[in-house]
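Structural description and commentary
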Amino acid sequence: MSIPSLTRLDVIKRAWPLVFANAAVPLAGVADTFVLGLSGDKADLGGVALGGALFSVFYWSFYFLRMGTTGLTAQADGAGDLAETQRILLRALAIAGTLGLLVLLLRDLIALAGFAILQGEARVEDKGADYLLARAWGTPAALACFALSGWLIGLGRNASTLAIYVAFSVINIALDLWFVLGLGYGPGGVGAATAIAEWVALVIGLGFMAFVLRGQSGWAQGVLDRVKLLDPAAIRELFQVNVNLMIRTWSLVIGFTWFANAGARQGTAALAGNHVLLQVISVWAFVLDAFAFVAETEAGRAYGRRSVRDLRRSVQLTGEPMLIAGGIFAIATWLFGEAALTALIEDPEARAAAITYLPWCAVVPFLGAPAWLMDGIFIGTTSGKILRNAGIAAVVVYLIADAMLAPAFGNHGVWAAFLVFYLARAGALMSAYPALERRLHSAPTASEIDTKPSA
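These numbers come from a predicted model, not from an experiment.

A look at the environment of Asp176
Here Asp176 shows up in helix 8 (residues 158–182). As a C-alpha pair, Asp176 and Ala192 span 16 residues in sequence and 8.7 Å in three-dimensional space. Leave out the neighbours within four places in its chain, and Asp176 touches Ala28, Ala31, Asp32, Val35, Leu181, Val190 and Ala193.

A closer look at the side chain of Asn172
Looking at the secondary structure, you find Asn172 in helix 8. On the basis of relative accessibility, which here comes to 0%, the residue Asn172 falls in the buried class.

Considering the nonpolar core
Of all hydrophobic cores here, the largest spans 130 residues; its most connected members are Phe378 and Phe418. Considering each element in turn, this core owes the most residues, 20 residues, to helix 12 (residues 268–305). Discounting chain neighbours no more than four positions away, the residues touching Phe378 are Ser383, Ile386, Leu387, Leu429, Ala432, Tyr433 and Leu436.

Brief notes about helix 11 (residues 232–265)
Compared with the 50 Å implied by 1.5 Å per residue over 34 residues, the 48 Å span of helix 11 between its first and last C-alpha is a close match. A positive backbone phi angle near 115 degrees is found at Gly267, which sits one or two residues after helix 11.

A look at the packing of helix 3 (residues 64–78) against helix 11
Where helix 3 contacts helix 11, the two axes come as close as 9 Å, and the packing angle between them is 135 degrees. The angle between the axes of helix 3 and helix 11 places the two elements in the oblique class. Here helix 3 and helix 11 pass one another in a crossing that is right-handed. The residues of helix 11 that touch helix 3, namely those facing Phe64, Met67, Gly68 and Leu72, are Glu237, Leu238, Val241, Asn242, Leu245, Met246, Arg248 and Thr249. Here the residues of the contact of helix 3 with helix 11 sort into 7 nonpolar, 3 polar and 2 charged.

Thresholds applied
- Counting of residues starts from 1 at the beginning of each chain's written sequence and follows it residue by residue.
- Totals for whole chains, interfaces and linings use all residues, but because this is a predicted model, local features are given only for residues with pLDDT of at least 70 and pairs of side-chain atoms are given and counted only at 80 or more.
- To obtain the side-chain values, all non-hydrogen atoms of the structure were used and water was disregarded.
- Here a helix means four or more residues in a row that DSSP labels H or I, a strand means two or more in a row labelled E, and each is numbered from the N terminus.
- Whether two residues are in contact is decided by their heavy atoms: any pair within 4.5 Å suffices.
- In this scheme, a residue with accessible area under 20% of its type's maximum is buried, one over 50% is exposed, and one in between is partly exposed, where area comes from a 1.4 Å probe on protein chains only.
- Only buried residues count toward a nonpolar core, which is a set of Ala, Val, Leu, Ile, Met, Phe, Trp, Tyr and Cys residues joined through side-chain atoms within 4.5 Å.
- Expected helix span is computed as 1.5 Å times (number of residues minus one).
- Here an angle of 0 to 180 degrees is reported between the N-to-C directions of two axes, which are lines fitted to C-alpha atoms, with helices fitted over the stretch in contact.
- Just so you know how the angles are binned, under 35 degrees is roughly parallel, over 145 roughly antiparallel, 65 to 115 roughly perpendicular, and the rest oblique.
- Should the near helix be turned counterclockwise from the far one by less than a right angle, the crossing is left-handed, whereas a clockwise turn marks it as right-handed.
- The nonpolar class holds Ala, Val, Leu, Ile, Met, Phe, Trp, Tyr, Cys and Pro. Asp, Glu, Lys and Arg form the charged class, and all remaining residues, Gly among them, are polar.

Shown next, in the form of structure tokens:
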């Protein structure tokens, strides 16, 4: 059967729900930041910056549950294997539940060890601990949502993903306003608001899962068979893909955590200002990732069909709107960022710091777009080894750049090194792309891609 070629209209239709779904997540983070900003206490902002950076080491380390599930689901769906698409979901949910409970049980130890490493004033660290300990209660639900959203995206159910994360964002923002401005709970209230919103989002996600399964006439034959569900080859493939993706994510989390800590070394005002700007970057990154998610699905299908032509077309047709949007966001941040920051940040020192370093923030959407696009291509083909090596290389380059630039140029050097981080990520993945095309014809499974020597 002939498969229609991907078109620019297809990309837009598939991307727009993910634009809003992805924007909902960082918008919740922006609400956390600006609700605290309106309270006028830079220690609250700095505490959430440090607490959030520490929590992200564990939270985003498990983002492989979203990425790996999307890639494997897209490939199984492209191959017409309904039973395997459902098994992938069950395996991912089992892993998510186990890891989420571990983080919840170890939250006190995580806080103790983390704040012994990060550098901040005593009051800022206390505020950060309040945030982290409250936020940890939502971890099992958050990781399960990673698995569910990855499965839905792999099946092309992007509107369902939109509904889940819009609900999360709306509930989180409403609870932020109540807990912080209404009840005065501060960073602990922000963490609790997010945790509650994550559990509500999970319930909604499970509802969409049930809807999709009903459309598939329920569980396929053999899905719930324990022997098939725990098939050693499938488990080994899942393990190899996810371990490499986890190492890759750790590398990136180390980079972002280092950025927060580098800001802390410049003082509480610089830390708070950097954190506010990082929320702006997060919004643009998640919005642009909508095109990368489409690239994941299409690259996965091209991989299943072993079609270099389709792979190249997925890169081109998702990359074009991504770069254009990145340029628009960069210009918008440059033109309107100062007015937004002035209106939303009460503390004068934090506001001044954010405005001073706004130009660095403004260029990130455009310079970061190639890195996010290539992430999508390699995630879709479940090329975990390539992503792992690129992530490690990028963070090493970043740490060297920060060691050279921050002492000489202060917080301007911190931001310059951060931009090097994005460029290094893109460069490492682009250099590996030709080998991916050469490998496409001869690698039938993700595990074989990850265990073969690099070309």
